[in-house]
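# Architecture at a glance
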Amino acid sequence: MREINFDGIVGPSHNYAGLSPGNLAATRNAGHVAHPRAAALQGIAKMRANLALGLVQGILLPHPRPDHHWLAALATDYARAAPHLQARALSASAMWAANAATVSPAADSGDGRCHLTVANLMTMPHRSHEWPATLAQLRLAFADAAFAVHEPIPAPFGDEGAANHMRLCAAHGAPGVEVFVYGEPGGPFPARQHREASEAIARAHRLDPARTLFVEQSPAAIAAGAFHNDVVAVANERTLFAHEEAFADRAGFYARLRALMPEVEIVEVPASRVSLDDAIRSYLFNAQLVSPPGGGQTLIVPGEARDNPRVWDWLQSHVSGNGPIRAVEVVDVRESMANGGGPACLRLRVVADPATIDPRFMVDDAKLDRIAAVIEARWPEAIAVESIGDTALIARIEEARRALLEVLDLAVLA
Ligand code: SUG
């Protein structure tokens, strides 16, 4: 059993339309010119860095954009749709694979299978139509009997996938404690993860209720721009790394966790060292906390975390002390960051035997070279929001994706 990171390849339609209220980066950058080619190459470089650490790497593919099926269901087409519908049909938001599904490894499930429930992403219109294409990919990638792939939880219960789910365990293949973090409505921004959805997923995945926690996200964190829990907390093996203000009742949560798992190591960053605002701007917690084969945990942070002196100071002092995070790696994912997506948003973690996964969804350096060549040749260099009605641009976006599917022998997804 290995932990495999499946990164969403940044699609050729990547742009800044400001579609996610409550995601302050996306709102701040609305109307800026986006660079899909650079964005996708940044994602490839992040995957190469993961491979260099000795981690196992997979991919998820960009979705067909614009989404003609969604527009047809709205009784229109791209040429006639209002600009706000065009933008919502064109978004490359499927790149944030942490929102693709919630995953429970086989060791946690009553039936010994690894369960994946596709997220319905119903709160944001531009993300609400991702799930059919995600489901199609997961059914291909995880067709083996070792997996159970579930359809999304029905509306009105919002589910945003692994971004609001953490797992603590002695080792990836050992039984774990699964933590589902939900939000309560009432704040200035939507609470996208509903408790009812998380509870349904835990039942579908046949989790042991005694080892499953439902924890409320702090309303202050949502109000400050933490639209998903993975903006303020991340877990790996025995380590929970979180901001002091991540949870509504931190003491209650930590006590329940310690009772289930006395060996848990809670690394909490106090607000006096890193404010909620600094944490959210730097995406300190939207990091990949990984266990390279050599031992010790590495935190993969975005460049924005190094640029913030308070965040960088905290990281340096932790790494030079006796804490569980032994090394920090910096990656440049700034095109995704400008839409509120850091290193952790771009990946979906699956604990499984790599041999049970469709090899078309697994990558090594040579395959990343082939993907990068398609991106270099086909992905638009820049997209301005005003140009999304341009039919030549749309044709280019669609051809670019088709070329990638061809190279990966995945034309079946076309
Ligand atoms: O859902 N941004 C995404 C960012 C998702 C980050 N994922 C995690 N935290 N796991 C979102 O808000 C912006 C797209 C736009 O405005 O065009 C966007 O959808």
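Structure: see above.
Reference entry: report on the structure contained in this document. (Residues numbered from 1 in each chain as written. Predicted model: local features only at pLDDT ≥ 70, side-chain atom pairs only at ≥ 80, totals over all residues. Heavy atoms only, no water.)

## Observations regarding the pattern of salt bridges
Applied cut-off: In the sections that follow, a salt bridge refers to a side-chain nitrogen of Lys or Arg positioned within 4 Å of a carboxyl oxygen of Asp or Glu. Secondary structure elements follow DSSP: runs of H or I of four or more residues count as helices, runs of E of two or more count as strands, with numbering from the N terminus. Burial classes: relative accessible area under 20% of the type maximum marks a residue as buried, over 50% as exposed, and values in between as partly exposed (1.4 Å probe, protein chains only).
Scanning all chains against the criterion turns up 17 salt bridges. When the shortest N-O distance is used, the salt bridge between R250 and E268 registers 2.8 Å. On the criterion of sequence distance, the pair formed by R250 in helix α9 (residues 250-260) and E268 in strand β11 (residues 265-269) is long-range, its members being 18 residues apart. Given the relative accessible area of 32%, R250 is considered partly exposed.

## Focus on the packing of helix α14 (residues 365-378) against helix α15 (residues 391-407)
The geometry of a pair of packed helices is captured by two quantities: the angle between their axes and the separation between those axes. Test applied: Lines fitted to C-alpha atoms define the axes here, with helix axes fitted over just the stretch in contact, and angles between the N-to-C directions of these axes take values from 0 to 180 degrees. Oblique is the label for every angle not falling under 35 degrees (roughly parallel), over 145 degrees (roughly antiparallel), or within 65 to 115 degrees (roughly perpendicular). Each crossing gets its hand from how the near helix is turned against the far one by less than a right angle, where anticlockwise is left-handed and clockwise is right-handed. Residues count as neighbours in contact if any of their non-hydrogen atoms are within 4.5 Å of one another. Put simply, Ala, Val, Leu, Ile, Met, Phe, Trp, Tyr, Cys and Pro go in the nonpolar bin, Asp, Glu, Lys and Arg in the charged bin, and everything else, Gly too, in the polar bin.
Taken N-terminus to C-terminus, the directions of α14 and α15 make an angle of 160 degrees; their axes are 10 Å apart at the nearest point. Looking at the two axes, α14 sits roughly antiparallel to α15. In terms of crossing hand, the pair formed by α14 and α15 is right-handed. When α14 is examined against α15, the residues R370, I371, V374, A377 and R378 are found in contact with a partner set consisting of R396, E399, A400, A403, L404 and V407. Broken down by class, the residue content of the contact of α14 with α15 amounts to seven nonpolar, no polar and four charged.

## Observations regarding the sheet that holds strand β5 (residues 147-150)
Worth spelling out the cut-off: The pairing criterion for strands is at least two bridges between them, as found by DSSP.
Taken together, the three strands give an open sheet; going across it, the order is β3-β4-β5, and neighbouring strands pair in mixed fashion. Among the strands making up the open sheet, the edge pair consists of β3 (101-104) and β5. Across the sheet, the axes of successive neighbouring strands diverge by a mean angle of 15 degrees, strand direction being ignored. Direction of pairing for β3 relative to strand β4 (residues 114-118): antiparallel, over a ladder of four bridges. Bridge assignment links V103 to a residue of β4, and that residue is L116. Helix α6 (residues 131-141) contacts β3, β4 and β5 of the sheet and is inclined by roughly 160 degrees relative to β4.

## A few points about the site of the ligand
The criterion, for reference: We call a residue near a given molecule or strand whenever any one of its heavy atoms falls within 4 Å of it. Identification of polar contacts relies on pairs of N or O atoms within 3.5 Å, with a donor-acceptor requirement for protein atoms, meaning one able to donate a hydrogen and the other able to accept it, and with residues adjacent in sequence counted only if both atoms are side-chain atoms. Every accessible area reported is derived by Shrake-Rupley at a probe size of 1.4 Å, with residue values counting cover from the shown protein chains alone.
Taken together, 21 residues sit near the ligand, with L19, H126, R192, D230 and C345 positioned nearest. At 2.8 Å from an oxygen atom of the ligand is found a side-chain nitrogen or oxygen belonging to R192. N339 places a main-chain nitrogen or oxygen 3.0 Å from a nitrogen atom of the ligand. For the ligand, the accessible surface in isolation is 490 Å², of which the surrounding protein chains cover 99%. A per-class count over the shell around the ligand returns eight nonpolar, 10 polar and three charged.

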